[in-house]
Number of protein chains: 2
Amino acid sequence: MENGLIYARSGVDIDAGNQAVKLIRPIAQSTFRPEVLSNLGGFSGLFALDLARYQKPVLVASTDGVGTKLKVAFLMNRHSSIGIDAVAMCVNDILVQGAEPLFFLDYLAVGKLVPEKVATIVAGVAEGCRQAGCALLGGETAEMPGIYSPEEYDLAGFVVGVAEQAKIINGSRIKPGNQVIGLPSSGLHSNGYSLARKVLLEVAGYRVDTYRPVLGRTVGEEMLVPTRIYVPLVLSLLEKTDFNILGMVNITGGSLRENIPRILPPGCTVVLKKQSWPILPIFSLIQEIGRVKEAEMQRVFNLGLGFLLIVPSEEAPSLLSYFTRQKEKAYLVGEVVSGNGEVVFV
Amino acid sequence: MENGLIYARSGVDIDAGNQAVKLIRPIAQSTFRPEVLSNLGGFSGLFALDLARYQKPVLVASTDGVGTKLKVAFLMNRHSSIGIDAVAMCVNDILVQGAEPLFFLDYLAVGKLVPEKVATIVAGVAEGCRQAGCALLGGETAEMPGIYSPEEYDLAGFVVGVAEQAKIINGSRIKPGNQVIGLPSSGLHSNGYSLARKVLLEVAGYRVDTYRPVLGRTVGEEMLVPTRIYVPLVLSLLEKTDFNILGMVNITGGSLRENIPRILPPGCTVVLKKQSWPILPIFSLIQEIGRVKEAEMQRVFNLGLGFLLIVPSEEAPSLLSYFTRQKEKAYLVGEVVSGNGEVVFV
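Residues numbered from 1 in each chain as written. Chains lettered and ligands numbered in written order. Predicted model: local features only at pLDDT ≥ 70, side-chain atom pairs only at ≥ 80, totals over all residues. Heavy atoms only, no water.

Caption draft 1: Geometry of the interface of chain B and chain A. The interface of chain B with chain A comprises 87 residues on the first partner and 88 residues on the second. Buried area between chain B and chain A, both sides added, is near 6,700 Å², and the carbon and sulfur share of it is 63%. Looking at the side of chain B facing chain A, the largest losses of area belong to Leu5(B), Phe43(B) and Leu59(B), adding up to 13% of the total buried there. Linking chain B to chain A there are two salt bridges. Put simply, chain B and chain A have 15 residue pairs in polar contact (both at pLDDT 80 or more) between them. Among the elements that take part in the side of chain B that touches chain A, strand E2 (residues 57–65) of chain B stands out by supplying nine residues, more than any other. By residue class, the composition of the side of chain B that touches chain A is 46 nonpolar, 24 polar and 17 charged. Two strands pair when backbone bridges link them, and strand E1 (residues 45–48) of chain A and E2(B) are joined in this way by four bridges, in the antiparallel orientation. (Contact = heavy atoms within 4.5 Å. Buried area = accessible area lost by both parts, 1.4 Å probe. Salt bridge = Lys/Arg side-chain N within 4 Å of Asp/Glu carboxyl O. Polar contact = N/O pair within 3.5 Å; in protein donor to acceptor, adjacent residues only side chain to side chain. Helix = DSSP H or I, 4+ residues; strand = E, 2+ residues; numbered from the N terminus. Nonpolar A, V, L, I, M, F, W, Y, C, P; charged D, E, K, R; others polar. Pairing = 2+ DSSP bridges.)

And the structure:
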């Protein structure tokens with residue numbers, strides 16, 4: 001007190017924040033697209049829309065976090081890929097409507113600001129942006145002692161994309177008889193971690209470095225696999241082919257049971273055939289150890305399907321062939337029937 | 001364990017989340033502008049740009065949180081206005097470049113999801129959006145037990161605005177001789193709360209319900225005053241008058257010392273005259289009790305100035321008269337001189 005309180009002593013280090021900004025700037029700039037007008041460090045990010053490409057451009061925006069997958073990153077002290085998850089959760093959401101991701105901003109709140117750690121996390125965000133083809137236009141790193149533990153943080157993201165209004169995909173033309181094609185997930189993605197952690201790290205008593213042969217890696221490594229970004233595959237499909245994609249579903253919080261109904265028009269139900277795609281080993285392991293009921297599994301975990309496409313039945317075989325030619329796995333997992341917006345597993 | 005683990009038992013309540021979404025939907029819809037194409041509950045928010053209004057529209061985006069001002073809301077168990085702060089921190093940042101806020105998304109992470117509490121917080125966000133004239137296009141409410149205490153949460157926001165490219169204000173035309181006009185803050189805004197809480201609630205030993213005559217209210221009420229949103233006043237100035245606004249500054253993290261240099265071109269320094277605007281009582285109280293050095297005050301707290309405008313000296317008197325006619329306080333607080341990007345207080 002002798003010299004009066006300064007801010008670093010009360011738990012917020014402005015100099016560390018400035019150092020973090022210096023480390024982040026080149027990382028973000030490496031993701032810039034030609035439309036980006038400003039460098040980081042201004043009050044905001046500037047992005048000039050290329051109007052020549054659109055008749056009626058519609059901005060499509062989404063925000064999401066990575067949930068308690070963060071706890072796994074904390075346990076493993078491995079922070080380089082959680083940013084990919086933050087981007088994936090957002091861009092897959094806007095991809096559902098056929099939008100191309102343009103730019104992304106991250107919000108990172110930390111207990112104690114360590115510039116190198118922040119840079120590692122943001123490098124993951126930049127990698128996700130590269131995979132999704134969008135610019136990391138800006139972000140906020142907030143030091144909030146007393147809300148986060150010194151070693152912990154939260155990470156959320158925000159994406160803006162663009163779609164031609166006439167080409168927006170919203171599920172409204174879906175009808176009974178349509179087929180559902182599923183694209184594989186990379187693992188847990190970023191949902192269900194409270195339950196997954198409870199089962200694997202408490203009930204089973206595994207540590208993150210426990211090696212499980214059925215997974216082919218440690219429990220922690222499996223839990224930290226980044227969420228798959230479907231943007232390059234699906235945007236290329238939409239832009240370069242004439243398939244009649246009637247609806248798409250991102251399997252996010254609420255999973256297969258609760259996400260599919262979000263795009264179904266009245267009078268439609270989806271029947272999923274349980275044997276039609278491979279359930280990833282991590283899900284069988286969780287179900288077995290936690291004795292989790294099947295219906296609960298279906299509304300918490302993606303079970304191996306991260307993204308769905310709904311097409312007229314006559315197009316399903318050629319769409320599956322298309323994915324095969326792209327060397328991408330895809331499965332015919334179900335169909336649309338008459339009903340009241342349910343998801344039925346047979 | 002007899003019936004297997006279900007998700008609510010592991011700390012995440014999907015049903016509470018669905019209930020929160022139901023409560024939030026009408027609150028968000030009340031902020032919609034004609035350009036909003038979708039309702040909440042899809043995978044993303046859709047916003048059709050009104051292209052007729054722009055030659056070369058540039059999107060301007062920013063993200064920010066409310067920092068440890070949240071701790072005051074927790075202490076007072078008062079959650080209705082912290083959302084205004086989240087909006088203010090973002091929209092004031094893009095306003096600096098002359099952008100009109102179009103839409104906003106919020107990220108709310110909670111320890112335990114109580115639908116009514118979430119709705120109260122989001123109602124504050126919606127109020128902020130109304131003040132700023134933007135649509136609350138979407139948001140995420142994440143339940144993250146184990147990262148947040150059951151009673152605590154974090155709140156961040158993302159805004160996208162639009163500006164005509166030729167009219168973007170970036171400070172590049174600022175030169176020595178220009179005058180600096182300041183608009184009053186409403187109080188602490190959302191910066192410096194780690195130090196403010198340390199001084200007021202620890203060093204001074206005040207409680208949030210301690211009444212301080214110099215403040216005219218309790219310490220907690222003073223600390224929870226929402227950040228002022230400068231959008232209506234400044235956008236109206238930009239759109240309806242011909243003043244030559246050369247640069248604007250949002251006094252956010254880093255305050256007067258660190259924000260003014262963000263827009264200064266090479267060769268410019270700003271001299272602020274300390275006696276030219278009223279220092280709000282809250283700042284004098286903090287400085288006195290915490291024996292905080294003046295330079296530290298100037299880089300942590302806004303000291304009563306929340307937003308600055310830089311204009312040619314010949315326009316300063318008429319701009320001050322303009323604000324007077326609008327019944328808004330404004331002060332001639334300094335001028336631009338030759339220098340190396342410093343902020344000098346005299």
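Caption draft 2: Structural view of the relation of the copies chain B and chain A. Take chain B, turn it by 180°, move it 0.0 Å along the axis, and it overlays chain A with an RMSD of 0.0 Å. Those values place the two copies in the arrangement expected of a two-fold rotation axis. Interface residue correspondence from chain B to chain A reaches 100%, placing this contact among same-surface, isologous pairings. (Least-squares fit on C-alpha atoms with pLDDT ≥ 70 in both.)

Caption draft 3: Broad picture of the pairing of strand E12 (residues 331–338) of chain B. Residue and element names in this part refer to chain B. Of the strand pairs in this sheet, strand E6 (residues 179–184) and E12 are connected by four bridges, and their pairing is antiparallel. From the neighbouring strand, Gly-182 faces E12, where its bridge partner is Tyr-331. Two elements, strand E10 (residues 268–272) and E12, share five bridges in a ladder whose sense is antiparallel. Along E12, the bridge assignment pairs Thr-269 with Val-337.

Caption draft 4: Quick look at the pattern of salt bridges. For the structure shown, the criterion picks out 28 salt bridges over all chains. A salt bridge links Arg130(A) to Glu127(A), with the shortest nitrogen-to-oxygen separation between them at 3.5 Å. One end of the pair, Arg130(A), and the other, Glu127(A), are both in helix H4 (residues 115–132), three residues apart, so they sit about a helical turn from each other. Overlapping salt bridges, with partners in common, bring together Asp15(A), Glu258(B), Glu296(B) and Arg299(B) in one network.

Caption draft 5: Fine view of helix H2 (residues 69–76) of chain B. Residues and elements named next belong to chain B. Summarising burial for H2: seven of the eight residues are buried, a large majority. Those residues of H2 lying buried are Lys-69, Leu-70, Lys-71, Val-72, Ala-73, Phe-74 and Met-76. On its buried face, H2 is in contact with helix H3 (82–95), strand E5 (153–164), helix H5 (193–203) and helix H6 (219–224). (Buried < 20%, exposed > 50% of the residue type's maximum accessible area, 1.4 Å probe, protein only.)

Caption draft 6: A look at the domain arrangement of chain A. Residue and element names in this part refer to chain A. Here chain A is described as being made up of domain 1 (8–167) and domain 2 (179–345). Computed from C-alpha coordinates alone, the two centres of domain 1 and domain 2 are separated by 25 Å. Taken together, both faces of the contact between domain 1 and domain 2 bury some 2,400 Å²; the carbon and sulfur share is 69%. On inspection of domain 1 and its partner domain 2, the count reaches zero salt bridges. Inspection of the region where domain 1 meets domain 2 yields eight residue pairs in polar contact (both at pLDDT 80 or more). Those elements that place two or more of their residues in the side of domain 1 that touches domain 2 are helix H2 (69–76), helix H3 (82–95), strand E3 (100–110) and H4. Considering every element that reaches the side of domain 1 that touches domain 2, the biggest residue donor is H3, with nine residues. (Domains from an automatic or database assignment.)

Caption draft 7: Representation of unusual backbone geometry in the model. Residue and element names in this part refer to chain A. Non-glycine residue Asn-77 carries a positive phi angle of around 50°. Its place among the elements puts Asn-77 in the loop between H2 and H3. What makes Asn-77 exposed here is its relative accessible area of 58%.

Caption draft 8: Summary view of the side chain of Lys117(A). All names here are of chain A. Turning to its location among the elements, Lys-117 is positioned in helix H4. Look at Lys-117: it is buried, it has no salt bridge, and the nearest opposite charge is Glu-151 at 4.1 Å. Among all residues touching Lys-117, those that are not within four sequence positions of it are His-79, Glu-151 and Tyr-153. (Lys, Arg positive; Asp, Glu negative; His and termini not counted.)

Caption draft 9: Representation of the sheet that holds E1(A) within the structure. Here we have five strands laid out as an open sheet, ordered E1(A)-E2(B)-E5(B)-E3(B)-E4(B), and mixed in their pairing. On the outer flanks of this sheet lie E1 of chain A together with strand E4 (135–143) of chain B, each paired with one strand and no other. Looking at each pair of strands side by side, their axes are set apart by 20° on average, direction ignored. With nine bridges joining them, E2(B) and E5(B) adopt antiparallel strand pairing. Residue Leu59(B) lies in a different strand from E5(B), and its bridge partner there is Val162(B). Its contacts with the sheet put helix H4 (residues 115–132) of chain B on strand E3 (100–110), E4 and E5 of chain B, and the angle it makes with E3(B) is roughly 165°. (Axes fitted to C-alpha atoms, helices over the stretch in contact; angles between N-to-C directions.)

Caption draft 10: Spatial organisation of the sheet that holds strand E4 (residues 135–143) of chain A. An order of E4(A)-E3(A)-E5(A)-E2(A)-E1(B) is seen for the five strands of this open sheet, with the pairing classed as mixed. Unpaired on one side and paired on the other, E4 of chain A together with strand E1 (45–48) of chain B mark the two borders of the sheet. Between one strand axis and the next, the sheet turns through 20° on average, direction left out of account.

Caption draft 11: Local environment of the packing of aromatic side chains. Scanning the model with the defined rule gives 14 aromatic pairs over all chains in all. For the ring pair Tyr148(A) and Tyr148(B), a centre distance of 5.3 Å and an interplane angle of 65° mean the geometry is edge-to-face. Here the residue Tyr148(A) occupies a position in the loop between E4 and strand E5 (153–164), and Tyr148(B) occupies one in the loop between E4 and E5, the pair thus bridging two chains. Residues Tyr148(A) and Tyr148(B) agree in their burial class; the two are buried. Summarising the aromatic geometry, the rings of Phe243(B) and Tyr322(B) are spaced 5.7 Å apart at their centres and angled 65° between planes, so their arrangement reads as edge-to-face. Remark: Tyr322(B) occurs in helix H11 (residues 316–325) and Phe243(B) occurs in the loop between helix H7 (231–240) and strand E9 (247–250); sequence separation between them is 79 residues. Grouping aromatic residues by their ring pairs yields a cluster made of Phe243(A), Tyr322(A) and Phe323(A). Sitting over the face of the ring of Phe43(B), Arg262(A) holds its NZ or CZ atom 3.9 Å from the ring centroid. (Phe/Tyr/Trp six-rings, centres within 6.5 Å; stacked < 30°, edge-to-face > 60°. Lys NZ or Arg CZ within 6 Å of the ring centre and 35° of its normal.)

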